[in-house]
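Fold and contact review
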Amino acid sequence: MNNSVGNTARLIGAGLRALLVLTVICGVIYPLAVTGIAQALFNDKANGSEVKDKSGQVVGSSPIGQTYNLPKQNPDDPEESAKPDLQWFQPRPSNGLGSNSVNTQYSLILSGATNRSADNGAVNGLCTAGAEEGTLCAQVVAAKDSVVTDNSTTSYKVKPEDVPADAVTSSGSGLDPHISPEYAKIQIHRVAEQNKLDVKQVEKLVADHTTGRTLGFMGEPRVNVLELNTALKALTRG
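All of the points below concern the structure found in this document. Remember, predicted model here, so these are calculated numbers, not experimental data. (Residues numbered from 1 in each chain as written. Predicted model: local features only at pLDDT ≥ 70, side-chain atom pairs only at ≥ 80, totals over all residues. Heavy atoms only, no water.)

**Remarks on the overall build of the protein chain**
In terms of helices and strands, the protein chain carries 6 helices and 5 strands. Secondary structure elements of the protein chain, listed N to C terminal, follow the sequence α-α-β-β-α-β-α-α-β-β-α. For 238 residues, the compact-globule estimate of 2.2 N^0.38 gives 18 Å, and the protein chain exceeds it by more than 25% at 26 Å. Structurally, the protein chain occupies a C-alpha span of about 95 × 45 × 45 Å along its principal axes. Partitioning the contacts of the protein chain with sequence separation of at least 6, the portion at a separation of at least 24 is 50%. Carbon and sulfur atoms provide 56% of the accessible area of the protein chain, an area that totals close to 15,600 Å². Considering the protein chain, the positive charge centre built from 21 side chains and the negative charge centre built from 24 side chains are found 8 Å apart. (Helix = DSSP H or I, 4+ residues; strand = E, 2+ residues; numbered from the N terminus. Rg over C-alpha atoms; globule rule 2.2 N^0.38 Å. Contact = heavy atoms within 4.5 Å. Areas by Shrake-Rupley, 256 points an atom, 1.4 Å probe, with all protein chains shown as cover. Lys, Arg positive; Asp, Glu negative; His and termini not counted. Charge placed at Lys NZ, Arg CZ, Asp CG, Glu CD.)

**Regarding the pattern of salt bridges**
One side chain can pair with another of opposite charge once the charged atoms of both are near each other. Counted by the stated rule, this structure contains 4 salt bridges. The partner of D176 in a salt bridge is R92, with the nearest N and O atoms 3.4 Å apart. Residue D176 is located in the loop between α3 (136–151) and β3 (178–179), and its partner R92 is located in the loop between β2 (58–61) and α3; the two are separated by 84 residues in the primary sequence. We classify D176 as buried; its relative accessible area is 19%. For R92, a relative accessible area of 16% puts it in the buried group. Notably, a salt bridge pairs D208 with K204, separated by 2.9 Å at the nearest N-O pair. Of this pair, D208 and K204 both sit in helix α5 (residues 199–208), separated by 4 residues, roughly a single helical turn. Note on K204: relative accessible area 53%, which makes it exposed. (Salt bridge = Lys/Arg side-chain N within 4 Å of Asp/Glu carboxyl O. Buried < 20%, exposed > 50% of the residue type's maximum accessible area, 1.4 Å probe, protein only.)

**Digging into unusual backbone geometry**
Located in the positive-phi region is S49, a residue other than glycine, with phi close to 50°. One can find S49 in the loop between α2 (43–46) and β1 (50–52). A relative accessible area of 9% means that S49 is categorised as buried. Positive phi, close to 55°, is recorded for N124, a residue that is not glycine. Mapped onto the elements of the fold, N124 is located in the loop between β2 and α3. Look at N124 and you get exposed, because its relative accessible area is 78%.

**Focus: helix α6 (residues 225–237)**
Here α6 spans 18 Å end to end across 13 residues, near enough to the 18 Å set by a 1.5 Å rise per residue. All buried positions along α6 are accounted for by V225, L226, L228, N229, T230, A231 and L232. For α6, the secondary structure elements touched by its buried residues are β1, β2, β3, α4 (181–194), α5 and β5 (222–224). (Expected span 1.5 Å × (residues − 1).)

**What about the nonpolar core?**
Ranked by size, the top nonpolar core spans 31 residues in total, and within it F89, V163, V202 and L232 carry the most contacts. Contributions of two or more residues to this core are made by α3, α4, α5 and α6. In this view, L232 contacts Q87, W88, F89, V191, N195, L197 and L205; residues no more than four positions away in its chain are not counted. (Core = buried A, V, L, I, M, F, W, Y, C linked by side-chain atoms within 4.5 Å.)

**A word on the packing of α5 against α6**
Interhelical geometry of α5 versus α6 gives an angle of 145° and a closest axis separation of 10 Å. In this structure, α5 meets α6 at a crossing whose hand is right-handed. Across from Q201, L205 and V206 in α5, the residues of α6 making contact are L228, A231, L232 and L235. Residue composition of the contact of α5 with α6, by class: 6 nonpolar, 1 polar and no charged. (Axes fitted to C-alpha atoms, helices over the stretch in contact; angles between N-to-C directions. Left-handed = near helix turned anticlockwise from the far one by under 90°. Nonpolar A, V, L, I, M, F, W, Y, C, P; charged D, E, K, R; others polar.)

**As for the sheet that holds β5**
With antiparallel pairing, 3 strands are arranged side by side in an open sheet as β3-β5-β4. Only two strands of the sheet have a single neighbouring strand rather than two, namely β3 and β4 (210–211). Bridge count for β4 against β5 is 2 bridges, and the pairing is antiparallel. Following the sheet pairing, T211 is matched in β5 by R222. The sheet strands contacting α6 are β3 and β5, and the helix crosses β5 at an angle near 60°. (Pairing = 2+ DSSP bridges.)

Pasting the structure below:
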């Protein structure tokens, strides 16, 4: 009986010692080590990849897209569509899966993509104006018409064939922070006109914020819209 009690006590003691050691290693040492390495080697990413304006105020996070819309006339009307604020470069359609309706304490957009196929609503294999309302093709056609209309100025006309795919389709997350240089290019004249800037100034701004392929061969050239608009704000209000 005494041996049984002694063995049980030793097992409990060993278990408690193991719990204490693992708690210190996994709950204290490891988190501190990982945090220290992250702060030392990846300080910007570890702190949320913050984007700041020239005053030092945080205006967003570079991996997360933002919309640049005019205030809705009736904020409580879910049917009213927000109109783009044309003085800014516009991102890809960034609606995710809609707005958060569970936790109303925060105004959030749910990340995710539509499960519609690329030919959803297509007529004879093509997305045309005859696409059924509510289908992906109908949304793409409407978005393309808006891009052409919004970005055409008195001295510059956007052709439908010049509109790139990322101007009318969302990304897999629905919150892509980047657009293609081609989409940025067709917005240059409109942004210059709206902000009373020289086209050359805006062209340089886009060129300065265009990132090439990762390691020279991975991905595609891209422009971070938040960073570009932050620089545009500094240029127009500097």
